[in-house]
Amino acid sequence: MSDPAARIPAKHPPARRLPATRSAAAPSPRISPTTETRAVQYALIAVVVAILSLFLLVPLATVFTQALRSGLGDYLATFRNPEALAAIRLTLLVAAIAVPCNLIFGIAAAWAIAKYRFPGRTLLVSLIDLPFSISPVVAGLVYILLLGSNSLIGGFLLENFGIRIIFAVPGIVLATILVTFPFIARELIPLMEDQGTGDEEAALSLGANGWQTFLFVTLPNVKWALLYGVLLCNARAMGEFGAVAVLSGKLRGQTVTMPLQVELFYNEYASVAAFSLASLLAGLALVTLIVKSWLEWRYADQIAATGRGH
Amino acid sequence: MELSIRNIRKEFDRFPALHGVSLDIRSGELIALLGPSGSGKTTLLRLIAGLEFPTSGAIFFGEDDASQKTVQERNVGFVFQHYALFRHMTVAENIGFGLKVRPRRLRPSAAQIRRRASELLELVRLPGLENRYPSQLSGGQRQRVALARALAIEPKVLLLDEPFGALDAQVRRDLRRWLREIHETTGHTTVFVTHDQEEALELADRVVVMSQGAIEQVGSADDVYDRPLTPFVYGFIGESSRLPVRVDTGGVWIDDRSLGLAAGDVPDGPAHLFFRPHDVELVEGCGGCIAGVVVSSRRVEATRRVELAVGGDRRIVEIELPADHPAALRSRIAFRPRSWKLFADARAGREACAETV
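Treat the numbers as computed from the prediction; the structure is a model and nothing was measured.

## Considering the overall build of chain B
Line of reasoning, step 1. Within chain B one finds nine helices and 21 strands.
Line of reasoning, step 2. Put simply, chain B has 357 residues, and 41% of those count as buried.
Line of reasoning, step 3. When contacts within chain B are restricted to residue pairs at least 6 apart in sequence, those whose partners lie at least 24 apart make up 64%.

## A few points about the overall build of chain A
Line of reasoning, step 1. When helices and strands are counted, chain A shows 14 helices and zero strands.
Line of reasoning, step 2. Looking at the 310 residues of chain A, the share that counts as buried comes to 36%.
Line of reasoning, step 3. Residue pairs at least 24 apart in sequence account for 76% of intrachain contacts in chain A once pairs closer than 6 positions are excluded.

## Observations regarding the packing of helix 4 (residues 110-123) of chain B against helix 5 (residues 139-152) of chain B
Residues and elements named next belong to chain B.
Line of reasoning, step 1. One can describe the packing of helix 4 onto helix 5 by two numbers: an axis separation of 9 Å at closest approach and a directional angle of 130°. Looking at the two axes, helix 4 sits oblique to helix 5. The interaxial crossing formed by helix 4 with helix 5 has right-handed handedness. Only Ala148, Leu151 and Ala152 of helix 5 make contact with helix 4, whose side of the interface consists of Arg116, Leu120, Leu121 and Leu123.

## Some remarks on the pairing of strand 14 (residues 269-275) of chain B
Residue and element names in this part refer to chain B.
Line of reasoning, step 1. As defined by bridge partners, strand 11 (residues 241-248) adjoins strand 14 across seven bridges and the pair is classed as antiparallel. Looking at strand 14, one finds that Leu243 is bridged to Leu273.
Line of reasoning, step 2. Where strand 14 meets strand 20 (residues 340-344), five bridges bridge the pair, whose relative direction is antiparallel. Bridged to Leu273 within strand 20 is Leu342.

## Here we look at the packing of helix 4 (residues 82-115) of chain A against helix 8 (residues 169-195) of chain A
Residues and elements named next belong to chain A.
Line of reasoning, step 1. Viewed as axis vectors pointing N to C, helix 4 and helix 8 meet at an angle of 35°, and their least axial separation amounts to 7 Å. At the point where helix 4 passes helix 8, the crossing takes the right-handed sense.
Line of reasoning, step 2. Counted by class, the contact of helix 4 with helix 8 contains 20 nonpolar, four polar and two charged residues.

## Here we look at the sheet that holds strand 5 (residues 64-65) of chain B
Residue and element names in this part refer to chain B.
Line of reasoning, step 1. Pairing is antiparallel in the open sheet, where four strands are placed in the order 2-1-4-5. The open sheet has two edge strands with one neighbour each: strand 2 (15-25) and strand 5.
Line of reasoning, step 2. Both strand 1 (residues 3-12) and strand 2 contribute to a ladder of seven bridges, which runs antiparallel. In the sheet register, Glu11 faces strand 2, and the bridge partner there is Pro16.

## Quick look at the interface of chain A and chain B
Line of reasoning, step 1. With 17 residues of chain A at the interface, the matching set in chain B holds 21 residues.
Line of reasoning, step 2. Elements with a contribution of two residues or more to the side of chain A that touches chain B: helix 9 (198-205), helix 10 (210-239) and helix 14 (300-307) of chain A.
Line of reasoning, step 3. Ranked by the residues each element gives to the side of chain A that touches chain B, the list is headed by helix 9 of chain A, at six residues.
Line of reasoning, step 4. Grouping the amino acids of the side of chain A that touches chain B by side-chain chemistry returns seven nonpolar, eight polar and two charged.

## Brief notes about the domain arrangement of chain B
When the parts of a complex come together, some accessible area is lost, and that lost area is often used as the size of the interface.
Line of reasoning, step 1. Segmentation of chain B into domains returns domain 1 (3-233) and domain 2 (240-355).
Line of reasoning, step 2. Each of domain 1 of chain B and domain 2 of chain B has a C-alpha centre, and these two points are 40 Å apart.

## Describing the sheet that holds strand 18 (residues 315-322) of chain B
All names here are of chain B.
Line of reasoning, step 1. Ordered in space as 15-19-16-17-18, the five strands form an open sheet in which the pairing is antiparallel. Unpaired on one side and paired on the other, strand 15 (280-282) and strand 18 mark the two borders of the sheet. Each neighbouring strand pair of the sheet contributes to a mean axis angle of 45°, computed without reference to strand direction.

## Digging into the nonpolar core
Line of reasoning, step 1. Counting 111 residues, the largest nonpolar core has Ala32(B), Leu33(B), Leu159(B), Val208(B) and Leu342(B) as the members making the most contacts within it.
Line of reasoning, step 2. Sort the elements by how many residues they give to this core and helix 5 of chain B lands first, with seven residues.
Line of reasoning, step 3. Counting only domains with at least three residues in this core, you end up with domain 1 (3-233) and domain 2 (240-355) of chain B.
Line of reasoning, step 4. The contacts of Leu33(B), once residues within four sequence positions are left out, are Lys41(B), Leu44(B), Leu45(B), Val191(B), Val193(B), Val208(B) and Met210(B).
Line of reasoning, step 5. Within the second largest apolar cluster, 65 residues are counted, among which are Val63(A), Ile166(A), Ala225(A) and Phe265(A).

## A look at unusual backbone geometry
One can expect most non-glycine residues to show negative phi and most peptide bonds to be in trans.
Residue and element names in this part refer to chain B.
Line of reasoning, step 1. Of note, the phi angle at Glu301 is positive, near 45°, even though the residue is not glycine.
Line of reasoning, step 2. Relative to the helices and strands, Glu301 is located in the loop between strand 16 (290-300) and strand 17 (303-310).
Line of reasoning, step 3. Under the C-beta neighbour-count criterion, Glu301 is labelled exposed, with 7 such atoms within 10 Å.
Line of reasoning, step 4. Positive phi, close to 70°, is recorded for Arg330, a residue that is not glycine.
Line of reasoning, step 5. Looking at the element boundaries, Arg330 is found in the loop between strand 18 and strand 19 (332-337).
Line of reasoning, step 6. A count of 8 C-beta atoms within 10 Å places Arg330 in the exposed class.

Definitions and limits used
- Going along each chain's sequence as written, the residues are numbered from 1 onward.
- Key to labels: chains lettered from A, ligands numbered from 1, both in the order written.
- For a predicted model such as this one, the threshold for reporting local features is a pLDDT of at least 70, and the threshold for listing and counting side-chain atom pairs is 80 or more; totals across whole chains, interfaces and linings nevertheless cover every residue.
- Every helix listed is a DSSP run of H or I at least four residues long, and every strand listed is a run of E at least two residues long, numbered separately from the N terminus.
- Working definition of burial: number of other C-beta atoms within 10 Å of the residue's own, with buried at 20 or more, exposed at 12 or fewer, and partly exposed in between, all C-beta atoms being placed from the backbone.
- By definition, residue pairs are in contact when their C-beta atoms, positioned from the backbone, come within 7 Å.
- Inter-axis angles, ranging from 0 to 180 degrees, are taken between N-to-C directions of lines fitted to C-alpha atoms, where helices are fitted over the stretch in contact.
- The scheme is simple: roughly parallel for angles under 35 degrees, roughly antiparallel for over 145, roughly perpendicular for 65 to 115, oblique for anything else.
- Crossings are assigned a handedness: left-handed for a near helix turned anticlockwise from the far helix by less than a right angle, right-handed for a clockwise turn.
- Note: two strands are recorded as paired if DSSP finds a minimum of 2 bridges between them.
- Gly is put with the polar residues, along with every residue not named as nonpolar or charged; the nonpolar set is Ala, Val, Leu, Ile, Met, Phe, Trp, Tyr, Cys and Pro, and the charged set is Asp, Glu, Lys and Arg.
- Domain borders in the structure are assigned automatically or taken from a domain database.
- Remark: nonpolar core denotes a set of buried Ala, Val, Leu, Ile, Met, Phe, Trp, Tyr and Cys residues whose joining runs through C-beta atoms within 7 Å.

Pasting the structure below:
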């Protein structure tokens, strides 16, 4: 069980690079030693299109056709279901907390890694990538061990403050933050390393204080990468299933996010409701992609200008 | 603004980059810090700016000890090697940046800032480019904008790091003349770093020659070229030939042959003789001269460069001859340097030297 549509953007590499322009087709079958023959070119394109259709487009279309199978009325009825509405609200709340947290963390981490040299720097870079490589389920289980009501910290918080973390909203937020940790930092680090500290030094030498330098110089230099990072982070935060599934406890109407609610509906054979809610997640992924592509198209010049050197 | 650098040491991770450098710069002077890469010249410039802080020693701006002041407090105009123009700002916004970030009570109005940017663009001879972005400018134009931006804050001193390093030869020559004119118009105390001796000698009032984190010599172009104080300066500025010799009883020797030069104060022992390859005279017969066998001969522009093997252990030395001299391989040539300088080997104890009288 997964949410393939919501993961589309995450699987793509950061889209800062603009597509390389190939020279126009020449009459001869080979136009340069590094160019394959026409037949090979078409074959490769056909393979890619076939795979993409089979694994991405067909499932995506299925989500929408299944959702609308018994008419628009049933489709819309899903969004009057209190459990579905609670799931949507919770998902929005979790994303609204997790994305700003990772925005701050991502900028801080990228700044530290790109602008300073300190012992353990490479280790930190690897650690940031850990959420990419570790299974979200494992991460969820570790949180249960660390923060569950039988653990030292979790028990202390529950007894003294009545705060429950695991099987409650705080646990879901923590899991989401963990899983979406790398998205923004990963976008910023290579760009900031590439840009170095020259612009910041120039701003300081002109009399700007640290905050002005950050606001007027550093931030504008990375704004596109930052925006991509936020978009991807948001898409993933709303779509996360594994870690949240472990930590949520699935209290209906309380700790069930949209992806979890989709699974609950599906397991109860309410497949129209399941696919209706899934279509919302899929739609979110599509909107993310469209916004990203539009930004790239609209601001291609500026992206190129801030991306590499002068 | 006078600058006084007093016994500055700078270490990076315990690796010394500058050992006890002292330098006084007069108000309105145009100074070049010249040296090979790794000589510490850029480090010294960054220390003056406050982009680095010294391990020990002090830097005075006039009467003020600026050593612990931040770069913002020092009010210096710094032009970076790669210009560091803000790429998301227009030329006018770049130039006005230093005024825009001032505290509210010192900040000119937006219209005044814009006017100032236009004035400075006139000064650097780029009128009308206010609304361009840095990516739309050529290298030379970016350099000028970077200078205008540094001048906008009315700095006490102007510091330039390899100002012409990234430009091609023709543009460099034009900008060099232009920088000299700007300096004369504005009268700022200016320090620039370069590894190009031609640039330093042509442009600067005084040249500071640096090597391995220390100052070798400070002087005018004439001083450092005609009266180099150390073997390094003799070797680094202009072309030079260097010949290992031996000092004995007040004379200079190679093997058992006297070169006919007076050793002056140089103590007995190994020494090095320096002279300019073009500043030699050929002699017939040889009583007190340097004689060698031609091992290679190359035509370079209007002259012929000849390498001679001198003495029993065939020390190679280069001289310049008129282009019409045959200089056949393995023929014997004898010459005498018109002006020269003799340095005792540093290993042999105190540094002493003798020169043409």
